[in-house]
Amino acid sequence: LSLSLLLSPSLCLTLCCKGPPPPRPEYDVVCIGLTGSGKTSLLSRLCSEATDSIVPTTGFSIKAVPFQNAILNVKELGGADSIKKYWSRYYQGSQGVVFVLDSASSDEDLEVARTELHSALQHPQLCTLPFLILANHQDKPAARSVQEIKKYFELEPLARGKSWVLEGSTVDNMDAVKESFSQLINLLEEKDQDTGRI
């Protein structure tokens, strides 16, 4: 007897015609933060790229970052003063925001980061979007804790009613960074479902 006669048609169907898995949803996310906050390093590590020859982003770069349940098309904007003033030109079409700050930076730089985050949270094109705020460089001795950052950036009063996540990060613990991005994906999915209900 040939094999085809031994297998029932329905069994053959399950074995042969499983088809490709359903496509993962894609979300367009903008990534902002001052120069030196570690945006490029974090995104490169998420894409399993080498990080030993990273230079600050001038202008912007786009990376498709794959996760188990979604793909994030991350538009990373350079953080230099000359580029910051043009950030808002690149906000259109964004579905989420990643803001990276250097938690070990000088008080002066932290104040600038705070101002930039506040203006992003209030920007008409971003104010309704989910935010992932990463307090990066947590491995440095001078790093402020996530609680200190939360208080200093006045996140509770300012971002009340918005969907946001604040997490510590370091390139030496990419599992934690992936977990933080997973939380952002959950917020994006929730927003998607809410929009679908209208």
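Residues numbered from 1 in each chain as written. Predicted model: local features only at pLDDT ≥ 70, side-chain atom pairs only at ≥ 80, totals over all residues. Heavy atoms only, no water.

Peer 1: How should I be thinking about the UniProt feature "binding site: Mg(2+)" (unreviewed entry) in the chain in this particular structure?
Peer 2: The residues that UniProt annotates with the feature "binding site: Mg(2+)" (unreviewed entry) are Thr 40 and Thr 57. In summary, the annotated positions, though distributed over 18 residues, converge in three dimensions, the widest C-alpha pair being only 7.2 Å. Checked against the element boundaries, Thr 40 lands in helix H3 (residues 39-46). Relative accessible area serves as the criterion here: at 16%, Thr 40 is assigned to the buried category. Residues in contact with Thr 40, not counting those within four places in the same chain, are Ile 54, Thr 57 and Glu 76. A residue is classified by how much of its surface remains accessible, and Thr 57, at 14% relative accessible area, is buried. Beyond its immediate stretch of four places on either side in the chain, Thr 57 contacts Thr 40, Glu 76, Gly 78, Gly 79 and Ile 83. (UniProt positions renumbered as here; feature names shortened; annotations may be inferred. Helix = DSSP H or I, 4+ residues; strand = E, 2+ residues; numbered from the N terminus. Buried < 20%, exposed > 50% of the residue type's maximum accessible area, 1.4 Å probe, protein only. Contact = heavy atoms within 4.5 Å.)

Peer 1: Could you clarify how one ought to interpret the side chain of His 118 in this entry?
Peer 2: Mapped onto the elements of the fold, His 118 is located in helix H5 (residues 107-122). Here Phe 153 takes part through its backbone oxygen, which lies 2.8 Å from a polar atom of the side chain of His 118. Residues in contact with His 118, not counting those within four places in the same chain, are Phe 153, Glu 154 and Leu 158. (Polar contact = N/O pair within 3.5 Å; in protein donor to acceptor, adjacent residues only side chain to side chain.)

Peer 1: In this structure, what is going on with the pairing of strand S1 (residues 26-32)? I would like to understand it.
Peer 2: The side chains of a regular strand alternate between the sheet's two faces. With 5 of 7 residues buried, S1 is to be regarded as a mostly interior element. In the sheet, S1 pairs with strand S3 (residues 71-77) via 6 bridges, with the strands oriented parallel. Paired with Val 29 across the strands is Val 74, a residue of S3. Where S1 and strand S4 (residues 96-102) come together, 4 bridges link them in parallel fashion. Paired with Ile 32 across the two strands is Phe 99, which belongs to S4. (Pairing = 2+ DSSP bridges.)

Peer 1: In this structure, what is going on with H5? I would like to understand it.
Peer 2: Three or four residues apart is the spacing at which side chains of an α-helix point the same way, because the helix has 3.6 residues per turn. Taking 1.5 Å per residue, 16 residues should reach 22 Å; H5 reaches 23 Å between its end C-alpha atoms and fits that length. What H5 keeps buried is the set Leu 110, Ala 113, Arg 114, Glu 116, Leu 117, His 118, Ala 120 and Leu 121. The secondary structure elements touched by the buried residues of H5 are S1, helix H4 (81-84), S4, strand S5 (131-136), helix H6 (146-152) and helix H7 (155-158). (Expected span 1.5 Å × (residues − 1).)

Peer 1: Teacher, can you tell me more about the packing of aromatic side chains here?
Peer 2: The geometry of an aromatic ring pair is captured by two quantities: the separation of the ring centres and the angle between the planes. Under the defined criterion, the tally for this structure stands at 3 aromatic pairs. Relative to Tyr 90, the ring of Phe 60 has its centre 4.8 Å away and its plane inclined at 50°; by these criteria the two rings are tilted. Taken as a pair, Phe 60 in strand S2 (residues 60-66) and Tyr 90 in the loop between H4 and S4 lie far apart in primary sequence, 30 residues in all. Given the relative accessible area of 38%, Phe 60 is considered partly exposed. (Phe/Tyr/Trp six-rings, centres within 6.5 Å; stacked < 30°, edge-to-face > 60°.)

Peer 1: Help me out: how do you make sense of the nonpolar core in this one?
Peer 2: A general feature of soluble globular proteins is that nonpolar side chains tend to end up buried together. By size, the foremost hydrophobic cluster in this structure holds 26 residues, and its most contacted members are Ile 32, Leu 101, Phe 131 and Ile 133. The set of elements that each furnish at least two residues to this core consists of S1, S4, H5, S5 and strand S6 (164-168). Looking at this core element by element, the count peaks at 5 residues for H5. For Phe 131, the residues in contact, after removing those within four places along its chain, are Val 97, Leu 117, Ala 120, Leu 121, Leu 126, Ser 163, Trp 164, Val 165, Leu 184 and Leu 187. Formed by 23 residues, the second largest nonpolar core is a distinct cluster that contains Val 65, Ala 70, Val 98 and Val 100. (Core = buried A, V, L, I, M, F, W, Y, C linked by side-chain atoms within 4.5 Å.)

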